Amino acid sequence: MYARRRPIVAVIVVALIAIGVMICVLAVPKNGPDTIFDTRLSDDGRLVYIDVKGDYRFNHYLEHGSSDVNLGDFYDYLRDNITCGKPINGVNPVNCSAFEASNSDGSGFLVGRNFDFRYSMPGVVYTHADGCYRSMSLVDMRMFVDTDEEYSKIATDVRLNAAPYIPLDGVNEKGVFVCVNMVHFGDVMDMKGKTPIFATSALRLILDKADSTESAVRLVENYSLKSDVCYHFFVTDRTGDSRSIEVIDGRIESTPTELMTNHYIFPDTGVPVSENSKYRYDIIKASLDSSDIMDDDQVRDVLNSVRQDDPDLVHYTRWSVVYDTEELSATVYLRSGDSMDYAHPFHLRLIEA
């Protein structure tokens, strides 16, 4: 799936990222002098693979930050510096679940993750930036828009340039896993005093630069997390050091935990716990209390038990994924129509470019 190196040229070969259409290699000049995007669709057209080599200008973003608590400034930055002057918009996922278990084969740890949203165009982003750890992450290419019509209007180069900035879960070559969940009833995140960055940018920071859970916490502490809704992060590494990273009263708090849904892990915040979040949390906790040693299929089954597909819900489970932080692999299950498809997984591996 990897492209041969070639000079960046001004001409962009446009290929639609859409179900059933094969994707071409795109050379996009805005990101950096050596940025190459190699993209393709899975054989069944349900998953986009995006391999990013070169400078996607993330260090420039870390210097700039997001000057406003509103999402708009983050997207304005992408428009002005990343997506060739073309605008995008953003929407927010509501329900997600994550947990860690010891691998039953004794090799390390597995992480289970459900991403719950209205609809999605799932993408796997592989990054190979100089001076950064290699990583693979899952993104929702439709996080930019509210409707299919709006999505179809976004040029392919815009989607690709923005993709490294919107990881929702992923693992890097050091075995550090991170994902982002919304906090129900949480206030806006508006930390002061340091360069402010948006929530998904914190995931990119960790994937690019963290070699352990502890270093991930230290990295995030160097910035102010900002968003117009409240998020928190689940982080773990090859040693099984799993924690939440949360903004509490304007400061970063990391709390040991094996699982996370959509309420604060840090105790005594005074923020209520939603019924939906507690329901999923209690199911996962009961499974881990029964045995926190699992194989891939058992992790998948726990994810299945907390999937969101009630027709009365606005947000469904769009993917379930089992990460292996030792093998640097992932097994991804996608929604097909009205239900999750746990019979036809995608097998991913973070490999040397």
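Residues numbered from 1 in each chain as written. Predicted model: local features only at pLDDT ≥ 70, side-chain atom pairs only at ≥ 80, totals over all residues. Heavy atoms only, no water.

Asker: Is there a simple way to explain helix H7 (residues 275–290) in this structure?
Answerer: A turn of α-helix holds 3.6 residues, and therefore any two residues three or four places apart point the same way. The end-to-end C-alpha distance of H7, which contains 16 residues, comes to 23 Å, matching closely the 22 Å that a straight helix rising 1.5 Å per residue would cover. Among the residues of H7, Ser277, Arg280, Tyr281, Ile284 and Leu288 are the ones counted as buried. The arc enclosing the buried residues of H7, seen along the axis, measures out at 100 degrees, which places them on a common side. Of the exposed residues in H7, the ones pointing more than 90 degrees away from its buried face are Glu275, Tyr279, Asp289 and Ser290. Buried residues belonging to H7 abut strand S3 (96–103), strand S15 (259–260), strand S16 (293–294) and helix H8 (296–305). (Helix = DSSP H or I, 4+ residues; strand = E, 2+ residues; numbered from the N terminus. Expected span 1.5 Å × (residues − 1). Buried < 20%, exposed > 50% of the residue type's maximum accessible area, 1.4 Å probe, protein only. Arc of directions from axis to C-beta. Contact = heavy atoms within 4.5 Å.)

Asker: Would you mind going over the sheet that holds strand S1 (residues 36–41) with me for this structure?
Answerer: Strand pairing in a sheet relies on backbone hydrogen bonds. The paired strands run either parallel or antiparallel. In space, the 9 strands of this open sheet follow the order S1-S2-S5-S6-S7-S8-S12-S13-S14, with mixed pairing throughout. Looking at strand neighbours, the two that pair on one side only are S1 and strand S14 (251–256), the edges of this open sheet. Adjacent strand axes in the sheet meet at a mean angle of 20 degrees when their direction is disregarded. Summarising the sheet, strand S8 (residues 177–182) and strand S12 (residues 231–236) pair through 6 bridges and their orientation is antiparallel. By the bridge assignment for S12, phenylalanine 177 is matched with threonine 236. Of the strands in this sheet, strand S5 (122–128), strand S6 (135–140), strand S7 (169–172), S8, S12 and strand S13 (243–248) touch helix H5 (residues 199–209), which is tilted by about 170 degrees from S8. Strands in contact with helix H6 (residues 213–221) are S12, S13 and S14; relative to S13, the strand with the most contacts, it is inclined by about 15 degrees. (Pairing = 2+ DSSP bridges. Axes fitted to C-alpha atoms, helices over the stretch in contact; angles between N-to-C directions.)

Asker: What exactly am I supposed to notice about the confidence of the model for the protein here?
Answerer: Do not read the predicted coordinates in detail wherever pLDDT is low. Confidence in the prediction for the protein averages 82 pLDDT; 77% of positions are at 70 or higher. For the stretch residues 1–33, pLDDT sits under 50, and the model shows 92 contacts to residues farther than four places along the chain or on other chains. (pLDDT = per-residue confidence, 0-100.)

Asker: Sorry, what's going on with the sheet that holds strand S11 (residues 224–227) here?
Answerer: On the basis of which strands lie adjacent, the open sheet formed by 3 strands has the order S9-S11-S10 and mixed pairing. What marks the edges here is a single partner per strand, and that holds for strand S9 (189–190) and strand S10 (196–198). Bridge count between S10 and S11: 3 bridges; the pairing is parallel. Bridge pairing in S11 links isoleucine 197 to leucine 225.

Asker: Would you mind going over the environment of leucine 138 with me for this structure?
Answerer: Along the chain, leucine 138 turns up in strand S6. Considered as a pair, leucine 138 and cysteine 179 are 41 residues apart in the sequence and their alpha carbons are 9.6 Å apart. Those residues within four positions of leucine 138 in sequence are excluded, and the remaining contacts are Gly123, Val124, Ile166, Pro167, Leu168, Asp169, Trp319, Val321, Tyr323, Val332 and Leu348.

Asker: What's the story with the pairing of strand S20 (residues 346–349) in this structure? I'm lost.
Answerer: Here S20 shows one buried face, formed by Phe346 and Leu348, and one open face, formed by His347 and Arg349. Pairing of strand S18 (residues 329–336) with S20 involves 4 bridges; the strand directions are antiparallel. Looking across to S20, one finds that threonine 331 is bridged to histidine 347.

Asker: Hey, could you run me through the packing of aromatic side chains in this one?
Answerer: Pairs of aromatic rings are described using the distance from one ring centre to the other and the angle between the two planes. Tallied over the entire structure, the rule returns 9 aromatic pairs. Between tyrosine 61 and tyrosine 165, the ring centres sit 6.0 Å apart and the planes meet at 90 degrees, which makes this aromatic pair edge-to-face. Of the two residues, tyrosine 61 is situated in helix H1 (residues 58–64) and tyrosine 165 in the loop between helix H4 (156–162) and S7; the sequence distance between them amounts to 104 residues. Geometrically, the ring pair formed by phenylalanine 198 and tyrosine 231 is edge-to-face, given 6.2 Å between the ring centres and 85 degrees between the ring planes. Of this pair, phenylalanine 198 sits in strand S10 while tyrosine 231 sits in strand S12, and the two are 33 residues apart along the sequence. The class of phenylalanine 198 is buried, set by a relative accessible area of 6%. For tyrosine 231, a relative accessible area of 4% puts it in the buried group. Taken together, the aromatic side chains of Phe58, Tyr61 and Tyr165 make up a single cluster linked through ring pairs. (Phe/Tyr/Trp six-rings, centres within 6.5 Å; stacked < 30°, edge-to-face > 60°.)

Asker: Can you walk me through the nonpolar core in this structure?
Answerer: The tendency in soluble globular proteins is for nonpolar side chains to be buried as a group. Formed by 94 residues in total, the largest nonpolar core has its most connected members in Ile50, Phe99, Ile206, Leu225, Phe233 and Leu348. Tallying contributions element by element places H5 first for this core, with 6 residues. (Core = buried A, V, L, I, M, F, W, Y, C linked by side-chain atoms within 4.5 Å.)

Asker: What am I meant to see in the pairing of S6 here?
Answerer: For a regular strand, side chains alternate in direction, first toward one face of the sheet and then toward the other. Summarising burial for S6: 6 of the 6 residues are buried, a large majority. Alternating residues of S6 divide into Ser135, Ser137 and Val139 and Met136, Leu138 and Asp140, and every residue in both groups is buried. Sheet topology places S5 next to S6; 6 bridges connect them, and they run antiparallel. For tyrosine 126, the partnering residue across the bridge sits in S6 and is methionine 136. Where S5 folds back onto S6 in an antiparallel hairpin, the turn is made up of 6 residues, including glycine 131, whose phi is positive at roughly 80 degrees. Two strands pair when backbone bridges link them, and S6 and S7 are joined in this way by 4 bridges, in the antiparallel orientation. Along S7, the bridge assignment pairs serine 135 with asparagine 172.

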